Amino acid sequence: MNPAVYVLVAAAIFGIGLHGLLVARHVMRKLLALNLMLSALFLLLIVVPASIDGRPDPVPQALVLTGIVIAVSTTAFALALMVRLFRRQGHASIHPDLDPTLIGQRRATKRKEGDR
Amino acid sequence: MNVGLLIDLLLGLILVGLAVQVVLGRQLFRSIVFYVAFGLAMALVWARLGAVDLALADAALGAGLTGALMLAAFRRLIKLDPAQAVTSGSAHTALALLIAVLAAGMVATIGLTAMALESQPGAAGVAVFEALPATGLGNPVTGVLLAWRGFDTLVEMVVLLTAFLGARVVADEGWAPRSTVASFDLPLLRTLVAAIVPLASLIALYLLWIGSDQPGGAFQAGSVLAAAGVLLLLTGQLLPAPTSSAWLRLGLVLGVAGIGLLVLLPMLSGRPPLAWLGRGALLLAESMMMVSIGCTLTLMFAGAPGLKDGTR
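Conventions and cut-offs
Residues numbered from 1 in each chain as written. Chains lettered and ligands numbered in written order. Predicted model: local features only at pLDDT ≥ 70, side-chain atom pairs only at ≥ 80, totals over all residues. Heavy atoms only, no water. Helix = DSSP H or I, 4+ residues; strand = E, 2+ residues; numbered from the N terminus. Buried < 20%, exposed > 50% of the residue type's maximum accessible area, 1.4 Å probe, protein only. Areas by Shrake-Rupley, 256 points an atom, 1.4 Å probe, with all protein chains shown as cover. Contact = heavy atoms within 4.5 Å. Domains from an automatic or database assignment. Buried area = accessible area lost by both parts, 1.4 Å probe. Salt bridge = Lys/Arg side-chain N within 4 Å of Asp/Glu carboxyl O. Polar contact = N/O pair within 3.5 Å; in protein donor to acceptor, adjacent residues only side chain to side chain. Nonpolar A, V, L, I, M, F, W, Y, C, P; charged D, E, K, R; others polar. Phe/Tyr/Trp six-rings, centres within 6.5 Å; stacked < 30°, edge-to-face > 60°. Core = buried A, V, L, I, M, F, W, Y, C linked by side-chain atoms within 4.5 Å. Expected span 1.5 Å × (residues − 1). Patch = residues over 30% accessible without salt bridge, like charges linked within 9 Å, V, L, I, M, F, W, Y side chains within 5 Å.

Attention now moves to the overall build of chain A. Secondary structure assignment for chain A yields four helices and zero strands. In sequence order, chain A lays out its α and β elements as α-α-α-α. Split into buried and exposed, the 116 residues of chain A put 53% on the buried side. For chain A, the accessible surface area stands at approximately 5200 Å², while carbon and sulfur atoms represent 61% of it.

Relative to the elements of secondary structure, S39(A) occurs in helix α2 (residues 27-47). Its relative accessible area of 10% is what places S39(A) among the buried residues. If we skip the residues at most four places from it in the chain, S39(A) touches F38(B) and M42(B).

All names here are of chain B. Split by domain assignment, chain B resolves into domain 1 (1-82) and domain 2 (137-312). Counting residues at the interface gives 13 residues for domain 1 and 18 residues for domain 2. A combined buried area of about 1300 Å² lies between domain 1 and domain 2, and 66% of that area is made up of carbon and sulfur atoms. It is D53, L65 and R76 in domain 1 that bury the most area against domain 2; as a group they hold 44% of the surface buried on that side. Here domain 1 and domain 2 share zero salt bridges between them. Linking domain 1 to domain 2 there are three residue pairs in polar contact (both at pLDDT 80 or more). Of the residues in the side of domain 1 that touches domain 2, the class split is nine nonpolar, no polar and four charged.

All names here are of chain B. Applying the stated criterion to the full structure yields two aromatic pairs over all chains. Relative to F38, the ring of Y35 lies with its centre 6.2 Å away and its plane at 25°, an arrangement referred to as stacked. With Y35 and F38 both in helix α2 (residues 28-48), this residue pair falls three residues apart, about one helical turn. Judged by its relative accessible area of 4%, Y35 is buried.

To continue, consider the pattern of salt bridges. Residue and element names in this part refer to chain B. For the structure shown, the criterion picks out two salt bridges over all chains. For the salt bridge of R48 with D8, the shortest nitrogen-to-oxygen distance reads 2.8 Å. Residue R48 is located in helix α2, and its partner D8 is located in helix α1 (residues 3-24); the two are separated by 40 residues in the primary sequence. According to the relative accessible area criterion, R48 is partly exposed, its value standing at 27%. What makes D8 buried here is its relative accessible area of 0%. The partner of R149 in a salt bridge is D152, with the nearest N and O atoms 3.1 Å apart. Given a relative accessible area of 33%, D152 falls into the partly exposed group.

Another point: the interface of chain A and chain B. Contacts between the two partners involve 68 residues from chain A and, on the opposite side, 85 residues from chain B. Summed over both sides, the interface between chain A and chain B buries roughly 6900 Å², with carbon and sulfur atoms accounting for 81% of that surface. Three residues, R29(A), L32(A) and L65(A), lead the burial of chain A against chain B; their summed loss comes to 10% of the area buried on that side. The tally of links between chain A and chain B comes to zero salt bridges. For the interface between chain A and chain B, the tally reads six residue pairs in polar contact (both at pLDDT 80 or more). Listed by contribution, the elements that provide at least two residues to the side of chain A that touches chain B are α1 (3-23), α2 and α3 (58-89) of chain A. The dominant element in the side of chain A that touches chain B, judged by the number of residues it contributes, is α3(A), at 23 residues. When the residues that make up the side of chain A that touches chain B are grouped by side-chain class, the tally is 47 nonpolar, 15 polar and six charged.

Attention now moves to the environment of I13(A). Along the polypeptide, I13(A) turns up in helix α1. A sequence separation of 25 residues divides I13(A) from L38(A), and the C-alpha atoms of the two residues are 9.4 Å apart. Beyond its immediate chain neighbours, meaning those up to four positions away, I13(A) contacts L36(A), A40(A), L15(B), V16(B), A19(B) and F38(B).

Turning our attention to the nonpolar core. One recurring pattern in soluble globular proteins: nonpolar side chains tend to sit buried together. Ranked by size, the top nonpolar core spans 114 residues in total, and within it M28(A), L43(A), M82(A), L15(B), F38(B), W46(B) and L297(B) carry the most contacts. The residue makeup of this core includes at least three contributed by each of domain 1 (1-82) and domain 2 (137-312) of chain B. Among all residues touching W46(B), those that are not within four sequence positions of it are F42(A), L43(A), I46(A), V64(A), A51(B), V52(B), L54(B), A55(B) and D58(B).

Quick look at α2(A) now. Relative to the 30 Å expected for 21 residues at 1.5 Å per residue, α2(A) spans 30 Å between its end C-alpha atoms, a close match to the ideal helical length. Buried residues dominate α2(A), accounting for 17 of its 21 residues.

Of note, T66(A) is situated in helix α3. Residue T66(A) is classed as buried on the basis of its relative accessible area, which comes to 14%. Excluding anything up to four places from it in sequence, T66(A) contacts L145(B) and E156(B).

Side chains of L22(A), L95(B), L98(B), I99(B) and L102(B) sit close together on the surface and give an oily, nonpolar patch of about 470 Å² of accessible area. Here the element with the most residues in the nonpolar patch is helix α5 (residues 94-116) of chain B; it accounts for four residues.

Laid out in structure tokens, this is it:
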């Protein structure tokens, strides 16, 4: 086992996940990207601590196990929120260009700036 | 180049490749499927790193149930509006790419720096291995989860319950008799389910029992139970129902009660229940947690407050 390889893999997955989170508009894509970032951090937490007498450190393992369960719970809750959002606005995307309330605000601020 | 490094590189390439597919996949459905594959590859990596408890949990929960929940939610969107459900533009910008690359560099730097640090003599992991024989447990992860960090596990069970209740509150669709399943009338299906569900229950009990000494435990066992529940829902043997029975409600809160008693009793008696009641106390608390986890995750998949028998 070569820990440095997995540290680099975790870093790559974190970056890929963050990119997905930033560019995606569909909430479910954002959730998938967030879950990727979580997996990357879990991997980092397990790989970094040195093994004790050849056995992996149990404390981060318990932490990550807790984290996996919490991740599933929060994902389920977020999916429920997404379905609600979809019912309310007719699509499940988050983006300033798509949110009518935000567009209204932007126009209002522009108008104020124009008045000055 | 030795074989070990080759395996590590191969697993790493698979993980990164699947992650790219999840993020860049054109169709949302494809991305979800790739995410499930990513979770399974992750389970392989955990096994490679010697964290078998995590491999079991990630295969069942991270890949299996998260994927099932996502597909169920995706299906709900498609039923509401097929055209809008799949449209997902993305705004690729150079700035996002730059931020992502910088973040990856940061994570790599933190990881490589932390790896270079020397481990301290009084580290928690070393203390766990020293104190483990006194508890009579063989699995250090179970020891950490239940004997030393019981409050973490208690709060974890509360989070699971809260997330379920929150999802129920947020779902404003009321309750409509959605046909979550096509009515399968295949002759082999019932036989298959009749064989798999008892087997899954047996595996869950085995994981629970062995969890004290070997990789396994309440979370792995509970997710296997939930997988059986999902299978029953998919085949129409169980159906979502507008109300939950008293038994189901009991099942939902049983886990919080079990782990709560396990960590709060020492405050009353002054002695840890492990020394007082022995491993029976752990097994009892763990079986209560297993039932709760199974019930909660099955209901989350059903997207309904309750379940009813679909065979009648």
